[in-house]
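# Descriptive analysis of the structure
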Amino acid sequence: MSESAIVSTSITDWTDAGMAIPSPLDKLASVAIEALRKAKIRPRDLDAIITTTTALPFDDPSYITISAQHFAHRLAEKIGSHGVQCMNVCAACASGAIAFATADAMIKSGLVKTVLVGGVDNSPRGFYYQGPSYLDPDLAVSYPHKVVGITNPSYWAMWARRRAYEMGKSVEDIKELMALVKEIQSAYGALNPHARYKKIFTAKEVLASPIVCDPLHLYMICAVSSGAGAAVIMNMEKARKITDKPVKIAASTLGSTVYGEPSPRLVYFATAGGKRAKQPFIEWRKPIETAYRQAGVTAEDIDILEAHDTSCFHTINWIDQVKGWEREETDKLIRNRQIRHDGEFPVNLSGGTASFGEAVMCQAFVMVHELVLQLRGDAGERQAKKKLKMGMCTAYGAYGSYGVIILEKGW
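Computed from a prediction, not measured in an experiment: that's the story for all the values here. (Residues numbered from 1 in each chain as written. Predicted model: local features only at pLDDT ≥ 70, side-chain atom pairs only at ≥ 80, totals over all residues. Heavy atoms only, no water.)

### Quick word on the overall build of the chain
As a reminder of what qualifies: By the criteria applied, helices consist of DSSP H or I runs no shorter than four residues and strands consist of E runs no shorter than two, each listed in order from the N terminus. Think of it in three bands: residues with accessible area under 20% of the maximum for their type are buried, residues over 50% are exposed, and the middle band is partly exposed, with areas taken using a 1.4 Å probe on protein chains only. Here, two residues are considered to be in contact whenever any of their heavy atoms come within 4.5 Å of each other.
Tallying secondary structure elements over the chain gives 13 helices and twelve strands in all. Considering the chain as a whole, with its 411 residues, one finds that 61% of them fall into the buried category. Counting contacts in the chain only where the partners sit at least 6 residues apart, residues at least 24 apart contribute 77% of the total.

In structure tokens form, the structure reads like this:
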């Protein structure tokens, strides 16, 4: 089986959501050409193009529907590629990670040697609201909004409260922990030229912001944004001819729903509790375990983490799942500020989604881009102080879609 490696990555600045200009396709083409330029190849050198897309009928004119289902094909035409294999991936917030996993599998199987992976999103402003569709008769996403008024932060708040309850701690305790996460991550967002938000928050300021859904305050929740990213992935033999620092894809795994998962997903009001409930967040943990097996490593081998943090609780929970240790250890790690660039286990040195806002379909490109910079020692003031060999990024999307990528120095 061939090894695969990332040769180049590129991302745009993350900007305000819902703007009509520049068009998503123009933004995607621009960042794709930049990734090709960095890799010193032309569109004709590509074997495949895989992009994120969406077919979700959000009732907002800023959100593309039909045309977005064919971004890979439209991108191929726009940049001048000829007869390349094209594929479009849709898995909500996990789309980018799954696009990477698809490219990785195609290269390792020997089907292709060079793949351009890209993604773009121009999220509608505010909470996601799905319009009615005859093709979706259960209207799963709309039920919580229409009947109960539950939006995404409602679920995240339930998760946070459950964690505090199971640990025998007060809600105030996890609230303070989430505020500290925001304080730490905002400092790195201020140093990232691509981040949308540059303000450095103190935990006190975060706790003084309005409560959205207790224990989540406003500044603990990410905004929605617009952005694009791209990466060139090759088999290792070809990658080493182009760069002296190929970043090996040690693992790329997918995850999905687990029957009986006690932590409610974004499409349900609640799930099983009491004695019927299994340990929570097993859906999150399973693709991580698969990635460890695929790479032949353990949690101890992961030096740095980029976690999909649509709220500050997600950062906490991802550390729980990646480490697989007692949750009290996560709390100690954060309270001792050991998730900083000079800490024991750096987390979200990109600034995270908290600093970028979420451009849903392509958020994984921020995480992969940061890990490539960190492993190559090119992250500037955000550079982790410890010696890095291996990093992980994690993604979570609606309906129980997950993606995990482990990257490793290939030199």
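### Description of the side chain of lysine 108
Inspection of the secondary structure puts lysine 108 in helix α3 (residues 95–108). Since its relative accessible area comes to 14%, lysine 108 is described here as buried. Not counting the four nearest positions on each side in its chain, lysine 108 is found in contact with Met1, Ser2, Ser4, Ile249, Ala250 and Gln294.

### Topic: the side chain of serine 252
To be explicit about the condition: Any N or O atom pair separated by 3.5 Å or less is treated as a polar contact, with the protein-specific requirement of one donor-capable and one acceptor-capable atom, and with residues adjacent in sequence counted only for side-chain atom pairs.
Note on placement: serine 252 falls in strand β9 (residues 247–255). For serine 252, a relative accessible area of 10% puts it in the buried group. Here aspartate 104 takes part through its side chain, which lies 2.4 Å from a polar atom of the side chain of serine 252. Setting aside residues up to four positions removed in sequence, serine 252 forms contacts with Ala101, Asp104, Gln294, Val404 and Ile405.

### Considering the packing of aromatic side chains
Our working rule: Aromatic pairing here means that ring centres of Phe, Tyr or Trp (its six-membered ring) are within 6.5 Å. Orientation follows from the plane angle: under 30 degrees is stacked, over 60 is edge-to-face, and everything else is tilted. The rule for a charge over a ring is simple: NZ of Lys or CZ of Arg within 6 Å of the ring centre, and within 35 degrees of the ring normal.
Scanning the entire structure with this criterion turns up ten aromatic pairs. Judged by centre distance (5.6 Å) and plane angle (85 degrees), the ring pair of tryptophan 159 and tryptophan 284 falls under edge-to-face. Separated by 125 residues along the polypeptide, tryptophan 159 in helix α5 (residues 152–166) and tryptophan 284 in helix α9 (residues 282–295) bring together distant segments of the chain. Overall, the relative accessible area of 2% leaves tryptophan 284 in the buried class. Between tryptophan 284 and tyrosine 402 the ring centres are 6.3 Å apart and the planes differ by 55 degrees, which places this aromatic pair in the tilted class. Of this pair, tryptophan 284 sits in helix α9 while tyrosine 402 sits in strand β12 (residues 401–409), placing them 118 residues apart in sequence. Tyrosine 402 sits in the buried class, given a relative accessible area of 1%. Over the ring of phenylalanine 345 we find lysine 323, and its NZ or CZ is 4.1 Å from the ring centre.

### Some points on the pairing of strand β10 (residues 304–307)
Heads up, the condition is: When DSSP finds at least two bridges between two strands, those strands are taken to pair.
The alternating pattern of β10 places Ile304 and Glu306 and Leu305 and Ala307 on opposite faces, both of which are buried. Where β10 lies against strand β11 (residues 390–397), four bridges are found, and the strand directions are parallel. Paired with isoleucine 304 across the strands is glycine 391, a residue of β11.

### A look at the pattern of salt bridges
Here is the rule: A pair is scored as a salt bridge if a Lys or Arg side-chain nitrogen falls within 4 Å of a carboxyl oxygen belonging to Asp or Glu.
If you walk through the whole model with that rule in mind, you get 23 salt bridges. Its salt-bridge partner being aspartate 104, residue lysine 108 comes within 3.2 Å of it at the nearest N-O pair. In this pair, lysine 108 and aspartate 104 are both assigned in helix α3, four residues apart and thus about one turn of the helix distant. Each member of the pair, lysine 108 as well as aspartate 104, is classed as buried. In this structure, arginine 162 and glutamate 166 form a salt bridge, with 2.8 Å as the shortest nitrogen-oxygen distance. With a gap of four residues between them, arginine 162 and glutamate 166 both fall in helix α5, about one helical turn apart. Glutamate 166 sits in the partly exposed class, given a relative accessible area of 32%. Put simply, Arg163, Lys169, Asp173, Asp320, Glu328, Asp331 and Arg335 are held in one network by salt bridges that share partners.

### As for the packing of α5 against helix α6 (residues 171–189)
The test is simple: Angular values range over 0 to 180 degrees, each being the angle between N-to-C directions of two axes fitted as lines to C-alpha atoms, with helices fitted over their stretch in contact. Reported orientations rely on four angle classes, namely roughly parallel under 35 degrees, roughly antiparallel over 145, roughly perpendicular from 65 to 115, and oblique for the rest. In this scheme the handedness of a crossing depends on how the near helix is turned from the far one: anticlockwise by less than a right angle means left-handed, clockwise means right-handed. When residue character is reported, Ala, Val, Leu, Ile, Met, Phe, Trp, Tyr, Cys and Pro are called nonpolar, Asp, Glu, Lys and Arg charged, and the others, Gly included, polar.
Two numbers describe how α5 lies on α6: the axes approach to 8 Å, and their chain directions differ by 120 degrees. By the angle class used here, α5 and α6 are oblique. Note on packing geometry: the crossing formed by α5 with α6 is right-handed. The segment α5 lies against α6, with Ala160, Arg161, Arg163 and Ala164 engaging Val171, Ile174, Leu177 and Met178. By residue class, the composition of the contact of α5 with α6 is six nonpolar, no polar and two charged.

### So, the nonpolar core
Going by this rule: The definition of a nonpolar core used throughout is a set of buried Ala, Val, Leu, Ile, Met, Phe, Trp, Tyr and Cys residues joined through side-chain atoms within 4.5 Å.
The biggest cluster of nonpolar side chains holds 92 residues, and the ones touching the most others in it are Ile6, Phe100, Met178, Tyr292, Met392, Ile406 and Leu407. Contact partners of phenylalanine 100, with chain neighbours within four places excluded, come to Ile6, Val117, Ala231, Ile233, Phe365, Val368 and Ile405. If you look at the next biggest cluster of nonpolar residues, it comprises 27 residues, including Leu75, Ala76, Ala228 and Ala230.

### Considering a nonpolar patch on the surface
Heads up, the rule is: Within the patch definition used here, like charges are joined within 9 Å and nonpolar side chains (Val, Leu, Ile, Met, Phe, Trp, Tyr) within 5 Å, considering only residues with over 30% relative accessible area and no salt bridge. Only the protein chains shown count as covering a residue, and every accessible area follows the Shrake-Rupley method with a 1.4 Å probe.
On the surface, a nonpolar cluster with roughly 230 Å² of combined accessible area is contributed by Val212, Leu218 and Tyr219. Within the fold, leucine 218 resides in the loop between β7 (216–217) and β8 (225–235).

### Topic: unusual backbone geometry
Residues aspartate 214 and proline 215 are joined by a peptide bond in cis, for which omega reads 15 degrees. Following the sequence through the fold, proline 215 ends up in the loop between β6 (211–213) and β7. With phi around 60 degrees, lysine 40 is a residue other than glycine that occupies positive phi space. Take lysine 40: it is sitting in the loop between α1 (24–39) and β3 (48–52). Its relative accessible area of 69% is what places lysine 40 among the exposed residues.

### Quick notes on the packing of α6 against helix α10 (residues 312–323)
Here α6 crosses α10 at 95 degrees, and the two axes come no closer than 8 Å. It follows from the interaxial angle that α6 and α10 lie roughly perpendicular. Across the interface between the two elements, Ile174, Leu177, Met178, Val181, Lys182 and Gln185 of α6 pack against Cys312, Phe313, Thr315 and Ile316 of α10. Looking at the contact of α6 with α10 residue by residue, the class counts come to seven nonpolar, two polar and one charged.

Such coordinate-based values are descriptive only and should not be taken to indicate function.
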